[in-house]
Amino acid sequence: MLTRALTTTRRSDFALLVREGLSRPSQKELPSKFFYDEIGSALFDQICLLPEYGLTRAEERLLSRHAAEIVQNLPQPVAVAELGSGTGKKTRLLLEALCRRHAVSYYPIEISPSALATCERELKDIRCISIVGLEREYLDGLLEVAARRREGQHLLVLFLGSTIGKFEGEASAHFLRQLRGILWEGDVLLLGADLEKPVDILLAAYDDSLGVTAAFNLNLLARINRELGANFDVRQFAHQVIFNQQTRSIEMHLRSLSDQTVTIPGADLVVKLARGETIWTESCHKYSFDELRTMANESGFRPAGIWLDPAWPFAENLWVAV
Ligand code: TRP
């Protein structure tokens, strides 16, 4: 059942953050949250099908094998909030398992209207859930969900797909503490985390032979052309992937293939790029077990369960707010 969607569009956010990121004197950057327009969301769905990118399938296997067990470990009754709505495929496994206990309110929180629409379309046939999509930033949306909770109702927050890994260094702990601050004791977080694995496997996962990930990364420039009237020559950029040993993160960059000047009228900006200079677009940190445990404890959670995929090192973590 689809009840209603709440929308707030902050289009100028895009212009502001593009301007800020590309005006940096040293490493230029673009915010990765803007990857997922309609084209970006479609490309990401294809990334998830690539043989090299095992992450999504690992999480799907975990949820299809263990959804019932995960649900047994949850407080009742719960409302479900999901940070980033995805396509709904993984969420369906959990919602169907939850529905065996009671009817569920499900709040996908997502800044991309196209991703939100897909998720709502995919899940609306599940009879015992009511979907209220929130077109909001993660924590703003979660605050709204928390404000709507009924007496005695717990929250289950889903943060799947290892999106947590995009927060740099201390930022992940900071984010988790803020998230914890919105929750009550006994509320739960189901957190997907991609684990450390051999570097050649990681490099292939983020630089596939068909070039889908390259197209996904380059689409950020094409989106700036479409929405902010810029004149990026997308062919003058290359997708570049690095594994940073210090931060244990995959880093995605767009490397300029020539000295070039780009005009972005919608962001009131002219950018000069030197040949070989990169624009950093995203990092994806890879976790160790110790790190996950420490992160839980330092952000006000107690690890209550962990499920691992045997084929692709990935952990589904259940943390209880303490
Ligand atoms: N950040 C996600 C991940 O770590 C999604 C992702 C996959 C991604 N491929 C990408 C993000 C390429 C940016 C560029 O797997």
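Note that this is a predicted model, so its numbers are computed, not measured.

Cut-offs applied
Residues numbered from 1 in each chain as written. Predicted model: local features only at pLDDT ≥ 70, side-chain atom pairs only at ≥ 80, totals over all residues. Heavy atoms only, no water. Helix = DSSP H or I, 4+ residues; strand = E, 2+ residues; numbered from the N terminus. Contact = heavy atoms within 4.5 Å. Buried < 20%, exposed > 50% of the residue type's maximum accessible area, 1.4 Å probe, protein only. Salt bridge = Lys/Arg side-chain N within 4 Å of Asp/Glu carboxyl O. Pairing = 2+ DSSP bridges. pLDDT = per-residue confidence, 0-100.

(A) Structural view of the environment of Phe 301. Topologically, Phe 301 is positioned in strand E13 (residues 301-308). Counting along the chain gives 17 residues from Phe 301 to Leu 318, while the straight-line C-alpha distance between them is 9.5 Å. Excluding its chain neighbours within four sequence positions, the residues that come into contact with Phe 301 are Leu 176, Leu 179, Arg 180, Leu 183, Leu 189, Ala 296, Trp 319, Val 320, Ala 321 and Val 322.

(B) The arrangement of the environment of Pro 51 in detail. For Pro 51, the location among the structural elements is in the loop between helix H2 (38-47) and helix H3 (55-72). A relative accessible area of 69% means that Pro 51 is categorised as exposed.

(C) Summary view of the pattern of salt bridges. Under the counting rule described, the total for this entry stands at 20 salt bridges. Residues Asp 187 and Arg 149 are paired through a salt bridge, measuring 2.6 Å at the closest nitrogen-oxygen approach. Here Asp 187 is found in the loop between helix H7 (170-182) and strand E7 (188-194), whereas its partner Arg 149 is found in the loop between helix H6 (138-148) and strand E6 (154-159), with 38 residues between them in sequence. Judged by its relative accessible area of 0%, Asp 187 is buried. The class of Arg 149 is buried, set by a relative accessible area of 10%. For Glu 196, the salt bridge identified is with Arg 248, shortest N-O distance 3.0 Å. Of this pair, Glu 196 sits in the loop between E7 and helix H8 (199-205) while Arg 248 sits in the loop between strand E8 (237-244) and strand E9 (249-256), placing them 52 residues apart in sequence. A relative accessible area of 29% places Arg 248 in the partly exposed class. Three or more residues are tied together by salt bridges with common partners; here these are Asp 13, Lys 33 and Glu 137.

(D) The arrangement of the pairing of strand E12 (residues 278-285) in detail. Of all 8 residues in E12, 8 are buried; the element is thus mostly enclosed. Summarising the sheet, strand E2 (residues 28-29) and E12 pair through 2 bridges and their orientation is parallel. Across the sheet, residue Lys 28 finds its bridge partner in E12, namely Ile 279. Judged from the 7 bridges that link them, E9 and E12 form a sheet pairing that is antiparallel. Across the sheet, His 253 pairs through a bridge with Trp 280, a residue of E12.

(E) Structural detail: the sheet that holds E2. One open sheet holds the 4 strands; their spatial order is E2-E12-E9-E8, and the pairing between them is mixed. Looking along the sheet, the strands with just one partner apiece sit at the ends: E2 and E8.

(F) View of the confidence of the model for the protein. With 97% of its residues at a pLDDT of 70 or more, the protein shows a mean pLDDT of 94. This model gives residues 1-9 a pLDDT under 50, and the stretch forms 29 contacts once residues within four places in sequence are excluded.

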